[in-house]
Amino acid sequence: MSTPFDPAATAPTAEHLLTMSGVTQLPHLGVIRAVGEEAAKFLQGQLTQDIAGLGHDKASLAAFCNAKGRMQASFIVFKHSDDDILLMCSRDLLPQTLKRLSMFVMRAKVKLSDASGEFLLCGVTGNAAQGSNAMNSVASSAHIHWSKHVFGTQTTVQLHPGAGIDRLLWCAPAGTAPPAGPELPLGTWQWLEVQAGIAPVTLPIFEAFVPQMLNYESVGGVNFKKGCYPGQEVVARSQFRGTLKRRAYVAHTAGAAHVGQEVFHESDADQPCGLVAACAPSPAGGFAVIVSMQTSASTGALTLGGSSGAALKLLPLPYPLLEDI
């Protein structure tokens, strides 16, 4: 009989590492492609990350905000070349995100397109990341978050680990055979993603948070030294004036959860203190969740959906938070 997984464990056992090693396709992600001699310059003026300075050995987390600093989408970004840039985002937001970004192209020498059908995206975890020559980069770059490696037409990006298990994003042209490895259930990948503590922006939380409310500044998603972009003043003011009142937390509940669900603190049964930003069924039963909520609510009893809802147990964040400046 297998040992139940402890959601509060800081590292996986050898048994769980085996069951959580594998390869899964990621149909919930889409790809926006920016092509042209001004592709990097254009994205530099739209996203929270320094796209112009992004090296070819790196990928990056980035957000696209409105004028009030609220995130309309989030991306994993990397360059195929200086004039060919891929942005992976939640497929449920891709059409409207592409439309919004295209509104700002004007005379810029860049063409934006939905390239989801041109690429195959896979998640690779644990021992499977060592399963072929194209994956051996993990041996030398494990835990170097956002490092990027290219093997012919295949690209891998080292993501933050989930529950101590290494994770790669693998990208190749459509029609390419997926990387070798046992089949990993998509639900396991999504649970590991929640355990990594980085919530992607999806349709239910469109414009709900500034980047710091999801800890993006602490996981490489915001560059405070680059130039302007929509919402930049709000994002910078939140950081440098010490006004951060909401943060993201990893938690577990024995009940059911869904993205956009309200979170309540015992001190106020009528007013929610936060929202569920990401969730996935847990191998331990119940759900793993990322909640964005008031920092003042991080002590005391928390419940989902109302004061009589399922209890939430906060777990340690898997990364340190950048100190407010």
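You'll find the structure just up there.
Only a predicted model underlies this, so the values are computations on that prediction, with no experimental measurement involved.

Draft legend 1. Geometry of unusual backbone geometry. We note that M106 has phi near 50°; this positive angle belongs to a residue other than glycine. Relative to the assigned elements, M106 resides in the loop between α3 (94-102) and β6 (111-114). Residues other than glycine seldom take positive phi values, yet A163 does so here, at roughly 55°. Among the secondary structure elements, A163 is positioned in the loop between β9 (154-162) and β10 (165-173).

Draft legend 2. Molecular detail of the pattern of salt bridges. For the structure shown, the criterion picks out three salt bridges. Of the charged contacts in the structure, one is a salt bridge between R33 and D84, with a shortest N-O distance of 2.7 Å. Here R33 is found in strand β2 (residues 29-35), whereas its partner D84 is found in strand β5 (residues 84-90), with 51 residues between them in sequence. Note on accessibility: R33 and D84 belong to one class, buried. Among the salt bridges present, the one from E118 reaches R33, with a minimum N-O distance of 2.7 Å.

Draft legend 3. Seen up close, the environment of Y216. Tracing the sequence through the fold places Y216 in the loop between α5 (186-195) and α6 (232-240). Between the C-alpha atoms of Y216 and A63, which are 153 residues apart in sequence, the distance is 8.5 Å. Setting aside chain neighbours within four positions, we find Y216 in contact with L61, A63, M71, S74, I198, A199, P200, V201, P211, G221 and V222. Engagement of the side chain of Y216 in a polar contact is seen with the side chain of S74, the distance being 3.4 Å.

Draft legend 4. Fine view of the packing of aromatic side chains. Inspection of every chain in the model, using the stated rule, returns zero aromatic pairs. The ring of W189 has R167 sitting right over it, with the charged end atom 5.0 Å from the ring centre.

Draft legend 5. Representation of the pairing of β2. Within β2, six of the seven residues are buried, which leaves the element mostly enclosed by the surrounding structure. Relative to β5, β2 runs antiparallel, the two sharing seven bridges. Bridged to A34 within β5 is I85. With four bridges connecting them, β2 and β6 associate as antiparallel partners. Bridging across to β6, A34 finds its partner in L112.

Draft legend 6. Geometry of the pairing of strand β11 (residues 246-253). With respect to burial, β11 is a largely interior element, seven of its eight residues being buried. As defined by bridge partners, β11 adjoins strand β14 (residues 287-294) across eight bridges and the pair is classed as antiparallel. Its bridge partner being in β14, R246 is matched across the sheet by Q294. Two elements, β11 and strand β16 (residues 311-315), share four bridges in a ladder whose sense is antiparallel. Within β16, the residue paired with V250 across the bridge is L315.

How each quantity is defined
- Residues numbered from 1 in each chain as written.
- Predicted model: local features only at pLDDT ≥ 70, side-chain atom pairs only at ≥ 80, totals over all residues.
- Heavy atoms only, no water.
- Helix = DSSP H or I, 4+ residues; strand = E, 2+ residues; numbered from the N terminus.
- Salt bridge = Lys/Arg side-chain N within 4 Å of Asp/Glu carboxyl O.
- Buried < 20%, exposed > 50% of the residue type's maximum accessible area, 1.4 Å probe, protein only.
- Contact = heavy atoms within 4.5 Å.
- Polar contact = N/O pair within 3.5 Å; in protein donor to acceptor, adjacent residues only side chain to side chain.
- Phe/Tyr/Trp six-rings, centres within 6.5 Å; stacked < 30°, edge-to-face > 60°.
- Lys NZ or Arg CZ within 6 Å of the ring centre and 35° of its normal.
- Pairing = 2+ DSSP bridges.

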